[in-house]
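# Structural description and commentary
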Amino acid sequence: VAEMREYSGRHEYDGKIQDLSQDGVRRGLDRLAAATAGGPRLDDSHDETQLATFEEHARVSLGDLELHRRNPALHLAAMDLACYDRDYAPREQRDGALLAQLAAWPQAADAAIDALDQVSAPVATALAEGIRGLAAGIPATAGEPVREAALAAHARLVAHVDMAAASGEPDAALGSAALTALMSSAEGVQVDLGRLGERADAERDRLSALLADSCGRVDPARPPMEVARELVRDHPDAAGVIDAARYWTARAIAFTRERDLVPYQDGECLVGLAPQSRRWAMAMMSPAGPGEPEGPSWYHITPPDPSWPEQDAQEWLQVFSATTLPGITVHEVAPGHFSHGRAIRRAPTEVRRTLHSDAFVEGWAHYAEELCVEEGFCADDPRFAIGVWLEALVRVTRLACAIGLHTAGMTVQEGARRFETDTHLAGSAALSEARRATFDPTYGRYTWGKLEILDLRDQARKAWGTGFSLLRFHTALLSLGSPPLGLLGTAVQRG
């Protein structure tokens, strides 16, 4: 429900929190089974298969694997109030929905506490700060009885997660069978984790070679990662981060329009500070949903908090360096998430406008970064390509660590060392990336989705011959909305 409300613009769910208690999930799965048993099929075969894929993923993730019992992130998303910050409707309407949702926090917190009986210590540790941050979204305008009840409920949930962090199972691994089922059901394709791990290693080697070549244009006498780590120390101060993001947003949109890379070039993309409860993310897109009236999308930026130690603040600011922020902006804005969002609004069917594959969403935006290198964005400045390769190395290391942690006995500390070895990240940044694998086991989706899109582009070149163009390929692909990876072939067949 939380995803449908925010990313698909289904605001009939405003003010409501899905019942994710153990009984609530069982009842929901029973309703799903009853609704799909012997029901009519959709006219479009692609849409029917996409719908069936999402139904199966719900059964696997919540029925077979019972992730609502082991992952507080599902409950965090259900309670989060930040979705009402974006002006998709009049303020009075959004404020009313927020207060209705806040009033439901006591029941939602109790449902979460009921469900979360299998939370491992690493998952609880990784998400504890995010759970605490929920309270930052409570507005001062909330009436005292509602506010007090919500804060008390929030405190109960925080205590439950803290207890799991202290005494939960030390192993966060899902296991090979469970991770395979989770990824396969989400994308409508049978995943071979061994083969995917091999592709991750090959992609790391390819990216390392590209990084060496680009860094050689800056200083051929020094190791590439040494050059890169020096470059990312050139960044604005905290007060200048948002202005820098605005500058690169304008450039990315102009370049995408100039090269005619995506089917739709309209819409408004604003840049501003992330809502308090979303400040765990350094940069993220909050798009105008396809089910909403026309309105602005927001590229949210999180500078370091003034209270942070100087070293932590400097490490955080490296993300906004002149080397990495341009690629991040291409990913989040154009031709990445913002451009994708404009196409989703025009997708021809409700299934395609509503149901979104996370691996395609992130794979498309990650593909957009390398696409811009290919098309010559900032071609006279090697720092752009260096930034793209650095971010790609982080993404491919996510894939390797997700497989390693959930299937091969890798610990969080070993994952952090892998990030320190294969990427420019170090210290707390590397540890944070490794911890994310515990509660986001499919966060290798960025690289996985990108590789599948690149493979499909090769297929389109062969199938279409002289009729191939990037605009034709991207238009055919984005007309599918955000299709599961197993259904990408429709774009070539119908494009």
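Our subject is the structure listed above.
Attention now goes to the nonpolar core. Within soluble globular proteins, side chains that are nonpolar tend to cluster in buried spots. Membership of the largest hydrophobic core comes to 84 residues, with the highest contact counts inside it found for Y299, I301, F473 and L477. No other element matches helix α18 (residues 382-407), which puts 11 residues into this core. Counting 50 residues, the second largest nonpolar core, distinct from the first, contains A109, I131, V161 and A164.

For the structure on display, the rule yields 43 salt bridges. Here D19 makes a salt bridge to R27, at a shortest N to O gap of 3.0 Å. Under the relative-accessibility criterion, D19 is labelled partly exposed at 35%. As a salt-bridge pair, E230 and R222 come within 3.0 Å of each other at their nearest N and O atoms. Through salt bridges that share partners, D201, R204, D205, R418 and D422 make up one connected network.

Turning next to the packing of α18 against helix α21 (residues 445-464). It is at 7 Å that the axes of α18 and α21 come closest, and there the two elements cross at 105°. In terms of orientation, α18 and α21 fall into the roughly perpendicular class. Together, A392, R395, V396, R398 and L399 of α18 and Y446, T447 and K450 of α21 make up the contact between the two elements. Residue composition of the contact of α18 with α21, by class: four nonpolar, one polar and three charged.

Between two aromatic rings, the relevant description is the distance of the centres plus the angle of the planes. Applying the stated rule across the entire model yields eight aromatic pairs. Each ring, one from W248 and one from F377, has its centre 6.2 Å from the other, and the planes form 75°; the classification is edge-to-face. Taken together, the residues W248 in helix α12 (residues 241-259) and F377 in the loop between α17 (358-374) and α18 connect sequence positions 129 residues apart. For the pair W248 and F377, a shared accessibility class is recorded, and that class is buried. Aromatic pair W364 and Y367: ring centres 5.4 Å apart, planes at 45°, arrangement tilted. One end of the pair, W364, and the other, Y367, are both in helix α17, three residues apart, so they sit about a helical turn from each other. The class for W364 is buried, based on a relative accessible area of 0%.

Here the focus is the sheet that holds strand β1 (residues 269-273). Pairing is mixed across the open sheet formed by three strands, whose spatial order is β1-β3-β2. Each edge of the sheet is formed by a strand with only one pairing partner; in this case those strands are β1 and β2 (283-286). Mean inter-strand twist for the sheet, computed between neighbouring axes without regard to direction, equals 25°. Inspection of the sheet shows β1 paired to strand β3 (residues 297-301) by five bridges, in the parallel sense. From the neighbouring strand, L270 faces β3, where its bridge partner is W298. Docked against the sheet, α12 engages β1 and β3, running at close to 165° with respect to β1.

Rules of the game
- Residues numbered from 1 in each chain as written.
- Predicted model: local features only at pLDDT ≥ 70, side-chain atom pairs only at ≥ 80, totals over all residues.
- Heavy atoms only, no water.
- Core = buried A, V, L, I, M, F, W, Y, C linked by side-chain atoms within 4.5 Å.
- Buried < 20%, exposed > 50% of the residue type's maximum accessible area, 1.4 Å probe, protein only.
- Helix = DSSP H or I, 4+ residues; strand = E, 2+ residues; numbered from the N terminus.
- Salt bridge = Lys/Arg side-chain N within 4 Å of Asp/Glu carboxyl O.
- Axes fitted to C-alpha atoms, helices over the stretch in contact; angles between N-to-C directions.
- Parallel < 35°, antiparallel > 145°, perpendicular 65-115°, else oblique.
- Contact = heavy atoms within 4.5 Å.
- Nonpolar A, V, L, I, M, F, W, Y, C, P; charged D, E, K, R; others polar.
- Phe/Tyr/Trp six-rings, centres within 6.5 Å; stacked < 30°, edge-to-face > 60°.
- Pairing = 2+ DSSP bridges.

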